[in-house]
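Examination of the molecular architecture
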Amino acid sequence: MKLERRDFLKISAGATGLVLLHPSNLQRVGEDAETSADQSKLAMLVDVSKCVGCWWCYAACKQYNGLPQTITPDPEEPPELSPETWTTLFTTRKDDKWQFRKQACMHCTDAACVKVCPTGALSYNELGFVQYERNKCSGCGYCSEYCPFEVPQLQTNKISGDALMDKCTFCIDRVTNDQPTACAEACPTGAIKFGKRSELLEEANARVEELRKTNPDAYLYGANELGGLHVMYLLEESPEVQGLPNDPQLPPAATVHDVLQWVGVGAVGAVLAGFGLNYLVARARMVKEEKK
Amino acid sequence: MMEARTVERFKKRTILFHWIHTAAFLLLLITGAILFFPGLGSAAAGGATRIIHHIASVVFIGGAILYIPLNPKRALQFVKDTLKWGKDDIDWLKAAPDYYFGGPEGKMPPQGHINTGQKMWQAVILGTGVVFLVTGAIMWFARGSVSAGVFQWCMIIHGIAFIAALAMLFVHIYLGALHPRMSESFRSMLSGKISPTYAKHHYGKWYEEISETENK
Ligand code: HEM
Ligand code: SF4
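For clarity, every value in this text was computed on a predicted model and none was experimentally measured.

Digging into the site of ligand 1
As a matter of local geometry, ligand 1 sits amid 23 residues, with A:Y142, A:H257, B:R50, B:H53 and B:H158 nearest to it. More than one chain lines the surroundings of ligand 1; the residues nearby belong to chains A and B. Contact distances for ligand 1 include 2.8 Å between a nitrogen atom and a side-chain N or O atom of B:H53. Contact distances for ligand 1 include 2.8 Å between a nitrogen atom and a side-chain N or O atom of B:H158. The set of elements that each furnish at least two residues to the shell around ligand 1 consists of α1 (12–36), α2 (48–70), α5 (116–141) and α6 (148–178) of chain B. Tallied by class, residues from the shell around ligand 1 come to 14 nonpolar, 7 polar and 2 charged.

Given below as structure tokens:
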């Protein structure tokens, strides 16, 4: 059977298309998991017992990032995370005493948002945190629906569906210039510590051991969750009390979606290969038939 | 070669509808693929392709609904054709692989206005259309009101429908426009007409029906 130029062009165009569809980006996920102990990674450690609820981290975040300010919030109705509020306090009251937990993006090592973001607007920074490039956001909101902590929030036009996400950037311009994050710098009590993740881990583990002597519930949240968070919490109670999921997981649908992308590529490939084969066989046989 | 005499296969408005629907569908397919395949995702930056997806979905669904009052007989026939399956269809499925791989012409069972393969394509459009509409509407309008889990699985189901539609669209285009056997099929979607010989060979039962009504 002779391949004609036309056939050859058709087949090679198909093959090129397939290569373009290939979800090679998938490999990025997980790579970082192995290097989570890496010395270069940065992190924050939040000691919940030291937080007095002054909202300075909240104000510093707004100030530094040029987000609209509000008056000092009321712990009864703390502001929720939104495209204009990247860090806030989760508040609980126990025996007439307020408890506060700084709440923002956790900068997961295995981040669901990075996995599902179609455009690469969310990606891993080599320093460990999850960086966000606003100009790449498509507004699809997948991150918001997959994040185990419900962190990413969008401003959405309800009718057209046009939207834009915004969240904590880990103060990328500061931390890449040897400055701490704005919230860590503002915290007057040392409840937010900024530094190398490996060092903070060491310090926190020692602290938890100490606390465990009197309080069996003491726990370092984020040491291993989702491959290791880059915002860790020293907790004296079960995570749920502080509004944190006990055992956060990547949603199974995120993995199914990955598989589906491969199925899609495979289906396109199989169908195109089938056509190529069919075209050549069918024409050859029909030509033979006509000659008879 | 086109014979002088032709038989009308599609009315002008049906053809117009087919191409509007096709345009909307292709836009949906392309803008959807951009979100779906990681290799294409960067094209969605800024969100324009998402808005195109939303607008095209209104044309895609709105067009189909508008077509019903405009051409109720044809719309009903479409649904009937799609849902009515019989022995001829089974025979067609058995004979089709050899036929489409260039086997002899005569072995195919005679077909009605559309053949079983076209019927399958219509079923995919009708079936996935409903799935696209329901899951798409939830992702568009009900995000935030439905749980994250519902959104996630709508997205997965939308994606499965996408793969099915994508694969079948390729088959549809290939058989409708490229396959050496289906030489007049594509032209019929432009002019609405085919030659009697082509009609006899490809849609034998239908050709008999219209010949009878003509002779009456
Ligand atoms: C029938 C009406 C349809 C509606 C209302 C609809 C709506 C949507 C919505 C709301 C999304 C989520 C992303 C976003 O908000 O932009 C989406 C994604 C998508 N749509 Fe549609 N759509 C429809 C039809 C179609 C069709 C016909 C196709 C392709 C044949 C398609 C392929 C896709 C794909 C591939 C995605 C991305 C899914 C993913 O990332 O996993 N859609 N659609
Ligand atoms: S907390 Fe949510 S938004 Fe932040 S990195 Fe993890 S998955 Fe992404």
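Overview of the packing of aromatic side chains
The tally for this structure, following the rule as stated, stands at 17 aromatic pairs over all chains. Residues B:F17 and B:Y67 carry aromatic rings whose centres are separated by 4.4 Å and whose planes lie at 25° to one another, so their mutual orientation is stacked. Note that B:F17 is positioned in helix α1 and B:Y67 in helix α2, a separation of 50 residues in sequence. With 5.1 Å between their ring centres and 55° between their planes, B:F36 and B:F162 make a pair best called tilted. You can see B:F36 sitting in helix α1 and its partner B:F162 sitting in helix α6, a full 126 residues away along the chain. By relative accessible area, which is 7% here, B:F162 ends up buried. An aromatic cluster is built from A:F129, A:F170 and A:F194, whose rings are joined through pairwise contacts. Just above the ring of A:Y64 sits the side chain of A:R174; from NZ or CZ to the centre is 5.2 Å. In this structure, B:K119 packs its charged tip against the face of B:W85, placed 5.6 Å from the ring centre.

What to know about the interface of chain B and chain A
Listed by partner, the interface residues are 44 residues for chain B and 46 residues for chain A. Taken over both partners, the interface formed by chain B and chain A buries close to 3900 Å², and the fraction arising from carbon and sulfur atoms is 67%. Contact with chain A buries area across many residues of chain B, yet B:P38, B:F101 and B:M155 alone supply 16% of it, more than any other trio. Counting the contacts that link chain B with chain A gives 1 salt bridge. Measuring nitrogen to oxygen at the nearest pair gives 3.2 Å for the salt bridge that ties B:D98 to A:R285. For the pair chain B and chain A, the interface holds 15 residue pairs in polar contact (both at pLDDT 80 or more). Counting residues per element, the side of chain B that touches chain A draws most heavily on α6(B), which supplies 15 residues. Here the side of chain B that touches chain A is composed, by residue class, of 27 nonpolar, 13 polar and 4 charged.

What counts as what
- Residues numbered from 1 in each chain as written.
- Chains lettered and ligands numbered in written order.
- Predicted model: local features only at pLDDT ≥ 70, side-chain atom pairs only at ≥ 80, totals over all residues.
- Heavy atoms only, no water.
- Near = heavy atom within 4 Å.
- Polar contact = N/O pair within 3.5 Å; in protein donor to acceptor, adjacent residues only side chain to side chain.
- Helix = DSSP H or I, 4+ residues; strand = E, 2+ residues; numbered from the N terminus.
- Nonpolar A, V, L, I, M, F, W, Y, C, P; charged D, E, K, R; others polar.
- Phe/Tyr/Trp six-rings, centres within 6.5 Å; stacked < 30°, edge-to-face > 60°.
- Buried < 20%, exposed > 50% of the residue type's maximum accessible area, 1.4 Å probe, protein only.
- Lys NZ or Arg CZ within 6 Å of the ring centre and 35° of its normal.
- Contact = heavy atoms within 4.5 Å.
- Buried area = accessible area lost by both parts, 1.4 Å probe.
- Salt bridge = Lys/Arg side-chain N within 4 Å of Asp/Glu carboxyl O.

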